[in-house]
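Residue strings, one per chain:
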Amino acid sequence: MVEEGRPDPDALLAQVKQQERLKSQGKLKLFFGAAPGVGKTYAMLEAARQKRAEGVDVVIGIVETHGRKETEGLLTGIEMIGRHSIEYRGRTLYEFDIDYALARNPTLILVDEFAHTNAPGSRHKKRWQDVFELLEAGMNVYTTLNVQHIESLSDVVTQITGITIRETVPDFVIERADEIELVDLSPDALLQRLTEGKIYIPQLATRARDNFFRRGNLLALRELALRRTAQRVDEQMQSYREVEGVKEVWPASERILVSVSSNPRSIHLIRAAKRMAVGLRANWIAVHVDAPAKVKPSKNDLAKLAEHMRLAETLGAETVTLTAQKASEELLRYARSRNVTKLIIGKPTHPRWKDKLFGSVLDDIVRGSGDIDVYVISGDMGEPMPASVAKSRKRRPLMADVLRSVIVVAVCTAIAEVMEPYVAPADLAMMYLLGVVVMATRAGELSAFLTAFLGVAFFDFFFVPPRYTLAVNSPGYLITFTVMFAIALVISKLTVRVKQQADAARKSQQTTAALYSLSRELVRQRGIEELCSIVVRHISDDLSCRAVVLMPDDTTILKIVTTGADTFELDQKEHGVAQWCFDHRQKAGFTTDTLSGASALYLPVVAAAEALGVIGVLHDPSQEFLEQGQLHILDGFVNQTAIAIQRILLAEQARHAILKAETETLRNTLLSSISHDLRTPLAAITGAASTLLQGDVTYQAAERHELLQTIYEEAEHLNQIIRNVLNMTRIEAGAITIKKQWLTLEETFGASLNRLSERLKDRAVEITLPEDLPMLYLDPLLIEQVLINLLDNAIKYTPAASPIALCATVKDAWITVEVKDKGPGIKEGEQERIFDKFVRSSSKAGGIGLGLTICRAIVTAHGGKVWAENRHDGGATFKFTLPIGKQPSMPGVEVEVPD
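None of these values were measured; they are calculated from a predicted model. (Residues numbered from 1 in each chain as written. Predicted model: local features only at pLDDT ≥ 70, side-chain atom pairs only at ≥ 80, totals over all residues. Heavy atoms only, no water.)

A. Local environment of the side chain of Asn 118. Positionally, Asn 118 belongs in the loop between strand 6 (108-111) and helix 5 (127-136). Of the polar contacts made by the side chain of Asn 118, one reaches the backbone oxygen of His 124; its length is 3.0 Å. Setting aside residues no more than four positions away along its own chain, Asn 118 makes contact with Glu 95, His 124, Lys 125, Lys 126, Arg 127 and Asp 130. (Helix = DSSP H or I, 4+ residues; strand = E, 2+ residues; numbered from the N terminus. Polar contact = N/O pair within 3.5 Å; in protein donor to acceptor, adjacent residues only side chain to side chain. Contact = heavy atoms within 4.5 Å.)

B. The arrangement of the nonpolar core in detail. Membership of the largest hydrophobic core comes to 61 residues, with the highest contact counts inside it found for Ile 109, Leu 110, Phe 114, Leu 134, Leu 145 and Phe 213. With sequence-adjacent residues up to four places away left out, Ile 109 is seen in contact with Val 59, Gly 61, Ile 81, Phe 96, Ala 101, Leu 134, Met 139, Asn 140, Val 141 and Tyr 142. (Core = buried A, V, L, I, M, F, W, Y, C linked by side-chain atoms within 4.5 Å. Buried < 20%, exposed > 50% of the residue type's maximum accessible area, 1.4 Å probe, protein only.)

C. Region of interest: the pattern of salt bridges. In this structure the tally under the stated criterion is 37 salt bridges. With a shortest N-O distance of 3.8 Å, Asp 593 and Lys 125 are connected by a salt bridge. Of this pair, Asp 593 sits in the loop between strand 16 (588-589) and strand 17 (601-607) while Lys 125 sits in the loop between strand 6 and helix 5, and the two are 468 residues apart along the sequence. Here Asp 593 falls in the partly exposed class, since its relative accessible area comes to 36%. You can call Lys 125 partly exposed: its relative accessible area is 43%. Its salt-bridge partner being Lys 304, residue Glu 307 comes within 3.9 Å of it at the nearest N-O pair. Of this pair, Glu 307 and Lys 304 both sit in helix 12 (residues 299-314), three residues apart, which is roughly one turn of that helix. Of the residues examined, Glu 307 reaches a relative accessible area of 38% and is grouped as partly exposed. (Salt bridge = Lys/Arg side-chain N within 4 Å of Asp/Glu carboxyl O.)

D. Expanded view of the sheet that holds strand 22 (residues 804-811). Taken together, five strands build an open sheet; the order of strands is 20-22-23-25-24 and the sheet is mixed. Edge strands, defined here as strands with exactly one partner in the open sheet, are strand 20 (765-768) and strand 24 (866-870). Ignoring strand direction, the axes of neighbouring strands in this sheet form an average angle of 20 degrees. Along the sheet, helix 26 (residues 780-797) contacts strand 22, strand 23 (814-821) and strand 25 (876-883); its crossing angle with strand 25, the most-contacted strand, is approximately 175 degrees. (Pairing = 2+ DSSP bridges. Axes fitted to C-alpha atoms, helices over the stretch in contact; angles between N-to-C directions.)

E. Just unusual backbone geometry, in detail. A positive phi is found at Leu 595, a non-glycine position, where the angle reads about 50 degrees. Summarising the element assignment, Leu 595 is placed in the loop between strand 16 and strand 17. The class for Leu 595 is buried, based on a relative accessible area of 18%. Positioned with a positive phi, Ala 801 is a non-glycine residue whose angle comes to about 70 degrees. Positionally, Ala 801 belongs in the loop between helix 26 and strand 22.

F. Spotlight on the packing of helix 20 (residues 476-522) against helix 21 (residues 528-543). Put simply, helix 20 and helix 21 touch, their axes get as near as 10 Å, and they point 165 degrees apart. Judged by the angle between their axes, helix 20 and helix 21 are roughly antiparallel. As helix 20 runs across helix 21, the sense of the crossing is right-handed. Packed against helix 20, whose contacting residues are Ala 514, Ser 517, Leu 518, Glu 521 and Leu 522, the element helix 21 presents Leu 531, Ile 534, Val 535, Arg 537, His 538 and Asp 542 at the interface. Among the residues making up the contact of helix 20 with helix 21, the classes are represented as six nonpolar, two polar and three charged. (Parallel < 35°, antiparallel > 145°, perpendicular 65-115°, else oblique. Left-handed = near helix turned anticlockwise from the far one by under 90°. Nonpolar A, V, L, I, M, F, W, Y, C, P; charged D, E, K, R; others polar.)

G. Summary view of helix 2 (residues 40-53). If you check helix 2, its first and last C-alpha atoms are 20 Å apart, about what 14 residues at 1.5 Å a residue would give, namely 20 Å. Lys 40, Thr 41, Ala 43, Met 44, Leu 45, Ala 47 and Ala 48 are the residues of helix 2 that are buried. Each element contacted by the buried residues of helix 2 is listed here: strand 1 (28-33), strand 2 (58-62), helix 3 (69-73), strand 6, strand 7 (140-146) and strand 8 (179-182). Backbone geometry just after helix 2 places Gly 55 at a positive phi near 95 degrees. (Expected span 1.5 Å × (residues − 1).)

H. Representation of a nonpolar patch on the surface in the model. A cluster of nonpolar residues, Leu 403, Ile 407, Val 411 and Ile 415, forms a patch on the protein surface that exposes about 350 Å² of accessible area. Here Ile 415 lies in helix 17 (residues 398-419). Judged by relative accessible area, Ile 415 falls into the partly exposed class, the value being 36%. (Patch = residues over 30% accessible without salt bridge, like charges linked within 9 Å, V, L, I, M, F, W, Y side chains within 5 Å. Areas by Shrake-Rupley, 256 points an atom, 1.4 Å probe, with all protein chains shown as cover.)

I. Just the environment of Asn 789, in detail. Within the secondary structure, Asn 789 is located in helix 26. Given the relative accessible area of 5%, Asn 789 is considered buried. Along the sequence, Asn 789 and Leu 852 sit 63 residues apart, while their C-alpha atoms lie 7.0 Å from each other. Within the local environment of Asn 789, its side chain forms a polar contact with the side chain of Gln 785, the two groups lying 2.8 Å apart.

J. Seen up close, the sheet that holds strand 12 (residues 342-346). Strand order across the open sheet formed by five strands is 11-10-9-12-13, with parallel pairing between neighbours. Two strands close off the open sheet at either side, each with one partner strand: strand 11 (318-323) and strand 13 (373-377). The sheet shows a mean angle of 25 degrees between the axes of neighbouring strands, direction not considered. Relative to strand 11, strand 10 (residues 283-290) runs parallel, the two being bridged by six bridges. Bridge pairing in strand 11 places Ile 285 opposite Glu 318.

K. Spotlight on the confidence of the model for the protein chain. Taken over all residues, the pLDDT of the protein chain has a mean of 81, while the share at 70 or more is 86%. Across residues 247-252, confidence stays below pLDDT 50; counting only partners more than four residues off in sequence or on other chains, it has nine contacts. In this model, residues 380-396 is a region of pLDDT below 50 whose contacts with residues beyond four sequence positions or in other chains number 25 contacts. (pLDDT = per-residue confidence, 0-100.)

L. Expanded view of the pairing of strand 24. Note: strand 24 against strand 25, five bridges, orientation antiparallel. Pairing of Glu 869 across the sheet is with Thr 877, part of strand 25. Linking two consecutive strands that pair antiparallel, namely strand 24 and strand 25, is a turn of five residues; a positive phi of about 100 degrees is found at Gly 874 within it.

M. Expanded view of the environment of Pro 770. Within the element layout of this structure, Pro 770 appears in the loop between strand 20 and strand 21 (776-778). For Pro 770, a relative accessible area of 24% translates into the label partly exposed. Considering only alpha carbons, one finds Pro 770 and Val 810, 40 residues apart in sequence, at a separation of 8.1 Å. Excluding its chain neighbours within four sequence positions, the residues that come into contact with Pro 770 are Ala 808 and Val 810.

N. Fine view of the packing of aromatic side chains. Scanning the model with the defined rule gives 11 aromatic pairs in all. Arranged with centres 6.1 Å apart and planes meeting at 85 degrees, the rings of Phe 132 and Phe 172 form a pair that is edge-to-face. Separated by 40 residues along the polypeptide, Phe 132 in helix 5 and Phe 172 in helix 7 (residues 171-176) bring together distant segments of the chain. Judged by relative accessible area, which is 30%, Phe 172 ranks as partly exposed. Consider the rings of Phe 835 and Phe 878, whose centres lie 6.5 Å apart with planes at 70 degrees: the pair is edge-to-face. Note that Phe 835 is positioned in the loop between strand 23 and helix 27 (851-861) and Phe 878 in strand 25, a separation of 43 residues in sequence. Assessed through its relative accessible area of 2%, Phe 835 is described here as buried. Accessibility expressed as a relative area gives 5% for Phe 878, which makes it buried. Within the aromatic cluster, the residues linked to one another by ring pairs are Phe 458, Phe 459, Phe 461, Phe 462 and Phe 463. (Phe/Tyr/Trp six-rings, centres within 6.5 Å; stacked < 30°, edge-to-face > 60°.)

Shown next as structure tokens:
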């Protein structure tokens, strides 16, 4: 809970992140006006010339002067980028050259006509997208815009001027501007400029005055421009207040919900919701409820719905698709769950009798809204419905429904004719109800209605006296017909509803199953390439598309990581589109507004605001591209892939971090151990040597021998430490070469005991060897080192003068060597750990804890194993095994046998 008057920490964190992200981007300044001709381009050029005079690197990307000489005069002396030519339908079109601008990379670049639509074949569909790429590259941009091109205001402008605005920019583009400069001119002054030919040529000026440039239009547009500018200033002030923790002076924020469908008039509702959300500083949600309809939506309807949802997203809405049996109930339920305060819905345009007969969604919402304010908004009637949409909304041909119904009713009549001698007339009516169920299941609600009507007529004509006429003798049959028709209608509606629910459940189950199957496989994978291959296979199986996964190398250049029949190769052009998608973390390619000429659709794989790779999807040209539901599945696949890849990368990073920490620990342990254990023998050697070097003192022969013996023993101890460190280093680096030869174990025992004779002179050493001990194929120096390390371990960890036993036994194809002592033994649970690096049973014994580790490495290299046990009568036993192998044919002669 945030204390009243204090800034929200989450809001502050989001604000800081936003500011950090914008620091690396350029600044956007918008020269904003109410209409063409107010002087936006002129003001932009004047500001640019002033910046150039201050020493700023200024370049003109593209400027449209429209033949205005005073504007053209301001171009002099400023570097201008040449335009990029595009061939389209036999014509050459010239557009802004964004690639040259990115390569030139000026401090400030001028890009006129922000809302311009680029020629087909350009990188981006809209010029504002070009500007955003320049901003991401770190360039500052000056641009121009008229108020009628703002998406949320375009329908208002259409109502004012009677002209449909085709070129628009999303509202978030305006919100992104760092500075907006209003270029204002009174309507009278603007009309005077129009008359003087400073806006259009005389022929066009006359027509413009009679249409767009009417004085009333200009007044209204000027008011819109002033209001929108003031609104932007207010937004900046609001942002400042939130960051600085200034106490709010307005009530709790509102939340708006707008109902969206495939009806083209939904565009008006979306824009109205956006304007209301901006005015109230409220969050807003665009919701579509997928409820049973009398007419199954066509592919055009679904495409239109997807377009409307994308429009809502670009205007800053949260988009949600719900599935329910009754749209009104689901809208209200969801609105209450999200604490919605205002609900926007379209005004119905169908006849009132349909509401009386089938019920009214609007009436249900108004009556059940409770505390939620309901806004009913009419559609834009000035813009006709597109022919393609109107065509898509037509029902199936009526004659086909009638023909199906007649056939089904005829079949039911024939069966009833056969059954008539055996059943009552009322039972025959059941056959017609069965026909209604069949038609409701196979065809739809309209066919079921026709079947119900024809069923009643056929039943009356063929089975109710007087037969073969539609007349009836008894008024009771009229009640029968009415009840029969009502039951048929109820059955048909329930059957259609069940069918639609089954279809919706099947689609939902397919989506859930696809995502679950993918996630279940991904969670078991530990390798990037295997994971990507699984993703490609699922996209191919579930969406009938080929796919490719690309991931960056060390230089952030994308490389394909998938192979096989389900993937596809990328040429230079397609690879460039994928790279752009990765660099900008935005969709690109087919069906998008960016590089739409590509053959495939490319989606960035993003997790935790970091681009991890790109997934490309290539559809079969002979089939239509993915529907809205399939696109949702594809988005789910991409998100699952991002999570799985991030998991693998984080696991790898964690592994490296652990390895680094362990390495650092081992390094510190090694340095600590070596520094301590080297200091002790070095101190003894230095002390004994300095004593011998004193010239004023004469020592007896026994004393000199004792001092020299100390120097020798400590030097040998020092040599042992260095040898262990070097051996361990060589073992870990794989630099030790095992040079095996045939020899007897007695020789190795003897060499080891001889090396330690001085340290063992006060101890009883018991040696037990069987008489028939076979020869062994081993490296004598390394096995000797094992015995020396084990004997040295026994000397250090046992009391002085305590006995040590050394024995060997033969069992099956192995020889087991044991070194036994009478020391304190090994702590419980330490029997395995003492063979790890830098582990010592007691710090008092000295050493750096590498001796036993070296023993294990050498014995393992010979194919044996080593372990430690506590003796029952006190002390410890260290054992290791060696394989016997096939004995040589000539004992006593060295025979080299390959490993």
